[in-house]
Amino acid sequence: MSHTIVSHTREIDNPPFDPKMTVDARFAGGTITLEPQHEEWLGETLVKVELPGHTLALRTFEARDLASALQSLAAFIDEEAGR
């Protein structure tokens, strides 16, 4: 016999996901903000990257490639430094 348990949580206990993210980057000049930005003319949602003094709009595959490259380079630098 199987049973289904359904629970109800109040909205305040389970707030909706906020896709806007921030990264504190002191040496880059301040906070970096990441958020989705839908472009009607392109028909897709991009990753908007706000850096101090610059704004980038990346397609999702570009954002993933950039994230991967940043992680790889940081790991390499940490290895070289013996961290």
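Residues numbered from 1 in each chain as written. Predicted model: local features only at pLDDT ≥ 70, side-chain atom pairs only at ≥ 80, totals over all residues. Heavy atoms only, no water.

1. Describing the overall build of the chain
To be explicit about the condition: Strands are runs of DSSP state E lasting at least two residues, helices are runs of H or I lasting at least four, and both sets are numbered from the N terminus onward. Relative accessibility decides the category of a residue: with a 1.4 Å probe and only protein chains considered, values under 20% of the type maximum give buried, values over 50% give exposed, and everything between is partly exposed. Any two residues whose heavy atoms approach within 4.5 Å are treated as being in contact. Only the protein chains shown count as cover for residues, and all accessible areas are computed by the Shrake-Rupley method using a 1.4 Å probe.
Scanning the chain from N- to C-terminus turns up 1 helix and 4 strands. For the chain, the N- to C-terminal ordering of α and β elements is β-β-β-β-α. Here the chain, with 83 residues, has 12% of them falling under the buried criterion. In the chain, the proportion of contacts linking residues at least 24 apart, taken out of those at least 6 apart, comes to 2%. Of the roughly 7,300 Å² of accessible surface on the chain, a fraction of 56% belongs to carbon and sulfur atoms.

2. Considering the pattern of salt bridges
As a reminder of what qualifies: The working definition used for a salt bridge is a side-chain nitrogen of Lys or Arg within 4 Å of a carboxyl oxygen of Asp or Glu.
Applying the stated criterion to the full structure yields 2 salt bridges. A salt bridge links Glu-50 to Lys-48; its shortest N-O distance comes to 2.9 Å.

3. A look at the sheet that holds strand β4 (residues 54-58)
The line we're drawing: Note on pairing: DSSP must find at least two bridges between two strands before they are called paired. Here, axes are lines fitted to C-alpha atoms. For helices the fit covers the stretch in contact, and angles between N-to-C directions go from 0 to 180 degrees.
Read across the open sheet, the 4 strands follow the order β1-β2-β3-β4; overall the sheet is antiparallel. At either end of the open sheet lies a strand with only one pairing partner, and these are β1 (21-25) and β4. On average, each strand axis in the sheet is tilted by 25° relative to the strand beside it, whichever way the strands run. Here β1 pairs with strand β2 (residues 30-39) via 5 bridges, running antiparallel. Looking across to β2, one finds that Met-21 is bridged to Leu-34. Along the sheet, helix α1 (residues 60-80) contacts β3 (44-51) and β4; its crossing angle with β4, the most-contacted strand, is approximately 115°.

4. Considering the side chain of Thr-33
Relative to the elements of secondary structure, Thr-33 occurs in strand β2. What makes Thr-33 buried here is its relative accessible area of 12%.

5. Brief notes about the side chain of Glu-39
By the secondary structure assignment, Glu-39 is in strand β2. Setting aside residues up to four positions removed in sequence, Glu-39 forms contacts with Glu-44 and Leu-46.

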